[in-house]
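Secondary and tertiary structure notes
These are the residues of each chain, in order.
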Amino acid sequence: MDMDTPKNTARTLWSLIEPVHAVTYFAPESHAAFEAAGLRGFWRGYFAGRAAPLGPVGQGPVVAAFFSFAPTMVTRAVPSVWDLVSPADALALRRTGARAALCRLLTGLEAETARAVELLTPYAGSLDLAGRPLAAANAELPWPDDPVDRLWHCATLLREHRGDGHVAALVAAGLDGCEILALRAGIDLPRSELQPYRGWSDDQWAAACQRLTGRGLLTPDGTATDAGRAVHRAVEAATDGAAARMEATDELLTTLTPLARACAADLRFPNPIGLPEVRR
């Protein structure tokens, strides 16, 4: 990877901050925090924690912002989850779980954590939030003083900022939530890591594959064509470009690397978020 290009630097930064953010989905402490509050089952905690910065919204804004989830999956959790926990309480729960997980995973890396926070704070605090609803909602939350809490907050801002840009790139490419998953499954990720975790039925998946085949992006057996791979590369390039307006320094990337590797211990590979193993 050419570390001199801003777009590649943006992708490398994502690969290093995503494991830090993702403890809220994969770490046992995060699951335990939500379950202790009565949010039984993984998905109630997921939707409550990730949607909480938006306030007590209905399913419409969540379907729009989360993009690749089947609307029927969202409606099973939202807005009924707000009868179990308020958005404010969900925010506290996700912070409690993430902090407990990071304290365990980053033991012995306190100096690196503190330095990463110093470097990330101005970077994450200066993001252009226009057209980025999830990033903007998280940016309005109070900035925590504790280094571990702040590390997770910065990683979350950057992650949702990139995710919002990714959604925009997908819309511009004429891909819907199920189609991008079917296309990705035809390139490099198992369907089993995508379809069930986003709630699409077999019929919906088949219909998406048929639409992509009609556009020349998939073959009938579900493999991406050269045109399909080109569309995917263009989407990823647009995502990188939208995230590269502030280039990460080499010191930031170097400082984040051991933290990302430590957090990746709680992740599995491959995974539904498409995160590669940290190898820098």
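Structure: see above.
The paragraphs below set out a description of the structure included in this document. (Residues numbered from 1 in each chain as written. Predicted model: local features only at pLDDT ≥ 70, side-chain atom pairs only at ≥ 80, totals over all residues. Heavy atoms only, no water.)

Things to note about the overall build of the protein
- Summing up its helical and strand segments, the protein has 15 helices and zero strands in all.
- A compact globule built from 280 residues should have a C-alpha radius of gyration of about 19 Å, and the protein, at 18 Å, falls within 12% of that.
- Across its three principal directions, the C-alpha atoms of the protein cover 50 × 50 × 35 Å.
- For the protein, buried positions account for 52% of its 280 residues.
- Taking contacts inside the protein between residues at least 6 apart in sequence as the whole, the part at least 24 apart equals 75%.
- One finds the centroid of the 27 positive side-chain charges in the protein at a distance of 3 Å from the centroid of its 32 negative side-chain charges. (Helix = DSSP H or I, 4+ residues; strand = E, 2+ residues; numbered from the N terminus. Rg over C-alpha atoms; globule rule 2.2 N^0.38 Å. Buried < 20%, exposed > 50% of the residue type's maximum accessible area, 1.4 Å probe, protein only. Contact = heavy atoms within 4.5 Å. Lys, Arg positive; Asp, Glu negative; His and termini not counted. Charge placed at Lys NZ, Arg CZ, Asp CG, Glu CD.)

Regarding the packing of aromatic side chains
- According to the stated counting rule, one finds twelve aromatic pairs in the structure shown.
- Centroid distance Tyr-25 to Tyr-46: 5.1 Å. Interplanar angle 45°. Geometry classified as tilted. Of the two residues, Tyr-25 is situated in helix H2 (residues 23-26) and Tyr-46 in helix H4 (residues 42-51); the sequence distance between them amounts to 21 residues.
- Assessed through its relative accessible area of 11%, Tyr-46 is described here as buried.
- Summarising the aromatic geometry, the rings of Trp-43 and Phe-47 are spaced 6.0 Å apart at their centres and angled 40° between planes, so their arrangement reads as tilted. With a gap of four residues between them, Trp-43 and Phe-47 both fall in helix H4, about one helical turn apart.
- Aromatic ring contacts, followed pair by pair, group Tyr-25, Phe-42, Trp-43, Tyr-46, Phe-47, Phe-66 and Phe-69 into a single cluster.
- Looking at Arg-50, its charged tip hangs above the ring of Phe-66, at a distance of 4.2 Å from the centre. (Phe/Tyr/Trp six-rings, centres within 6.5 Å; stacked < 30°, edge-to-face > 60°. Lys NZ or Arg CZ within 6 Å of the ring centre and 35° of its normal.)

Description of the side chain of Asn-271
- On the secondary structure map, Asn-271 appears in the segment after helix H15 (250-263).
- Overall, the relative accessible area of 0% leaves Asn-271 in the buried class.
- Here Leu-275 takes part through its backbone nitrogen, which lies 2.9 Å from a polar atom of the side chain of Asn-271.
- Among residues more than four places away in sequence, those in contact with Asn-271 are Phe-26, Leu-189 and Glu-193. (Polar contact = N/O pair within 3.5 Å; in protein donor to acceptor, adjacent residues only side chain to side chain.)

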